[in-house]
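# Analysis of the macromolecular model
What follows is the residue order along each chain.
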Amino acid sequence: MKQNLHKNDLRTAAILFGIGMGGFIDGILFHQILQIHNMLSNRFFPDSLVNIDINMFWDGLFHAATWIVTAVAIYFFWRAGINHRTVWSGKTFVGGIFLGWGLFNFVEGIIDHHILQVHHVVQRASGLTQLLWDLAFLASGVLFILIGSSLIKRGKVQAVTQAVPTRSGVYDEAELSPPH
Amino acid sequence: MRRVIAPIAQFLLIFLNPSFVWSCPFCHSDRATEVRAGIAQTLGNPALVLAAASPFLVLALVVIILHCGFERGERL
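Treat the numbers as computed from the prediction; the structure is a model and nothing was measured.

### Structural notes on the overall build of chain A
Secondary structure assignment for chain A yields five helices and two strands. Buried positions account for 47% of the 180 residues belonging to chain A. Within chain A, counting contacts between residues at least 6 apart in sequence, those at least 24 apart form 73% of the total. Accessible area for chain A stands at about 9,300 Å²; split by element, carbon and sulfur atoms hold 69% of it.

Here you go:
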């Protein structure tokens, strides 16, 4: 069972990288460069220096969580690297990143924008425009999940077709790896 | 060695000196007091903390499920 779990390390690393990258794009691009929303901008609207400072603190916590996810991704990537059973597939890796990014956009969108409403994608917009931006964010999540899943499936097919039969006749992914 | 350590020690003595840190004009401003109170208020609100943490908790659960191979055609 443990070996089978380790077989998924590359995919898990890629998904975690995708979550991390999605989080950093949200935090760096939306929170800091474009400043269209902050972590608690629906509760503390950033129209005063005090509210901006409070949001900045919570943006920092958000970035810290995203950093931890990326650090865990590095751990899994390292583990995949030292595991001789790892099948190195670009499709699996890129697919995993898309899947993770999509999962981030979808889960964060559903929870933060729609259920708890701690912020919206474009905080200064109102009514239908605000809702449309929130829905567009969710749609990007679904799109990335579909792209990611499709690439991961194609990566699996590629791995199976490239696998060589062992003496027992069973296809062994380990034989795809270079000798150590 | 002494030429390297001496300026560093001097720097630390000046800038990490509590009397310097606590005399910082920003730390004693009304705005800083208000910000600290605001942050303490938000951190003391369990609903808000859970709200901020929940996407990451849900994502962690999803990643654990995916890692354990809980998908069609793939078993532990």
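### Brief notes about the interface of chain A and chain B
Chain A puts 39 residues into the contact, and the matching count from chain B is 27 residues. For the pair chain A and chain B, the summed buried surface comes to about 2,700 Å²; carbon and sulfur atoms form 75% of the total. Within the residue set of the side of chain A that touches chain B, elements represented by two or more residues are helix H1 (2–7), helix H2 (9–33), helix H3 (49–82), helix H4 (90–115) and helix H5 (127–162) of chain A. At 13 residues, the largest contribution of residues to the side of chain A that touches chain B is made by H3(A).

### Focus on helix H3 (residues 30–43) of chain B
The first and last C-alpha atoms of H3(B) sit 20 Å apart over 14 residues, in line with the 20 Å expected at 1.5 Å per residue. Among the residues of H3(B), Ala32(B), Val35(B), Gly38(B), Ile39(B) and Thr42(B) are the ones counted as buried. Across the axial projection of H3(B), the buried residues extend over an arc of 125°, all falling on one side. Of the residues in H3(B), the exposed ones pointing more than 90 degrees away from the buried face are Asp30(B) and Gln41(B). Looking at the buried side of H3(B), the elements it contacts are H3 of chain A together with helix H4 (46–67) of chain B.

### Structural notes on the packing of H2(A) against H4(A)
Residue and element names in this part refer to chain A. Direction vectors running N to C along H2 and H4 enclose 45°, while the axes themselves pass 6 Å from each other. In terms of orientation, H2 and H4 fall into the oblique class. By crossing handedness, the relation of H2 to H4 is classed as right-handed. Of the residues in H4, those touching H2 at Leu-10, Arg-11, Ala-14, Ile-15, Phe-17, Gly-18, Ile-19, Gly-22, Gly-23, Ile-25 and Asp-26 are Thr-92, Phe-93, Gly-96, Ile-97, Leu-99, Gly-100, Trp-101, Leu-103, Phe-104 and Glu-108. Across the contact of H2 with H4, the residue classes tally to 12 nonpolar, six polar and three charged.

### Brief notes about unusual backbone geometry
Apart from glycine, the bulk of residues carry a negative phi angle, and the bulk of peptide bonds sit in the trans form. All names here are of chain A. Positive phi outside glycine occurs at Gln-35, with the angle close to 50°. Although it is not a glycine, Gln-117 sits at a positive phi angle of roughly 50°. Given a relative accessible area of 35%, Gln-117 falls into the partly exposed group.

### What to know about the packing of H2(A) against H3(A)
Residues and elements named next belong to chain A. Here H2 crosses H3 at 155°, and the two axes come no closer than 8 Å. Between H2 and H3, the crossing angle belongs to the class labelled roughly antiparallel. Considering the relative orientation of H2 and H3, their crossing is left-handed. The residue makeup of the contact of H2 with H3, split by class, is 16 nonpolar, nine polar and four charged.

### So, the pattern of salt bridges
All names here are of chain A. Taken as a whole and judged by the stated rule, the model has one salt bridge over all chains. Asp-9 is the partner of Arg-79 in a salt bridge, and the nearest nitrogen-oxygen pair spans 2.9 Å. With Arg-79 in helix H3 and Asp-9 in helix H2, the pair connects residues that are 70 residues apart, well separated along the chain. On the basis of relative accessibility, which here comes to 18%, the residue Arg-79 falls in the buried class. Here Asp-9 falls in the buried class, since its relative accessible area comes to 0%.

### A short note on a nonpolar patch on the surface
On the surface, Met1(B), Val4(B), Ile5(B), Ile8(B), Phe11(B), Leu12(B), Leu13(B), Ile14(B), Phe15(B) and Leu16(B) cluster together into a nonpolar patch covering about 1,100 Å² of accessible area. Relative to the assigned elements, Leu16(B) resides in the loop between helix H1 (2–15) and helix H2 (18–21).

### Comments concerning the confidence of the model for chain B
Residue and element names in this part refer to chain B. Looking at chain B, the pLDDT average stands at 79 and 79% of residues meet or exceed 70. Mean pLDDT across the elements of chain B ranges from a minimum in H2, with 66, to a maximum in H4, with 89. Scored as a complex, the prediction yields pTM 0.78 and ipTM 0.78.

### Re the nonpolar core
Core analysis: the biggest nonpolar cluster contains 31 residues, and Ile15(A), Ile19(A) and Leu40(A) have the highest contact counts within it. For this core, the secondary structure elements donating two or more residues are H2, H3 and H4 of chain A together with H3 and H4 of chain B. Setting aside chain neighbours within four positions, we find Ile19(A) in contact with Val69(A), Gly100(A), Trp101(A), Phe104(A), Leu59(B) and Val63(B). Counting residues in each nonpolar core, the second largest holds five residues, with Phe30(A), Val121(A), Val122(A) and Phe137(A) among its members.

Conventions used here
- Residues numbered from 1 in each chain as written.
- Chains lettered and ligands numbered in written order.
- Predicted model: local features only at pLDDT ≥ 70, side-chain atom pairs only at ≥ 80, totals over all residues.
- Heavy atoms only, no water.
- Helix = DSSP H or I, 4+ residues; strand = E, 2+ residues; numbered from the N terminus.
- Buried < 20%, exposed > 50% of the residue type's maximum accessible area, 1.4 Å probe, protein only.
- Contact = heavy atoms within 4.5 Å.
- Areas by Shrake-Rupley, 256 points an atom, 1.4 Å probe, with all protein chains shown as cover.
- Buried area = accessible area lost by both parts, 1.4 Å probe.
- Expected span 1.5 Å × (residues − 1).
- Arc of directions from axis to C-beta.
- Axes fitted to C-alpha atoms, helices over the stretch in contact; angles between N-to-C directions.
- Parallel < 35°, antiparallel > 145°, perpendicular 65-115°, else oblique.
- Left-handed = near helix turned anticlockwise from the far one by under 90°.
- Nonpolar A, V, L, I, M, F, W, Y, C, P; charged D, E, K, R; others polar.
- Salt bridge = Lys/Arg side-chain N within 4 Å of Asp/Glu carboxyl O.
- Patch = residues over 30% accessible without salt bridge, like charges linked within 9 Å, V, L, I, M, F, W, Y side chains within 5 Å.
- pLDDT = per-residue confidence, 0-100.
- Core = buried A, V, L, I, M, F, W, Y, C linked by side-chain atoms within 4.5 Å.

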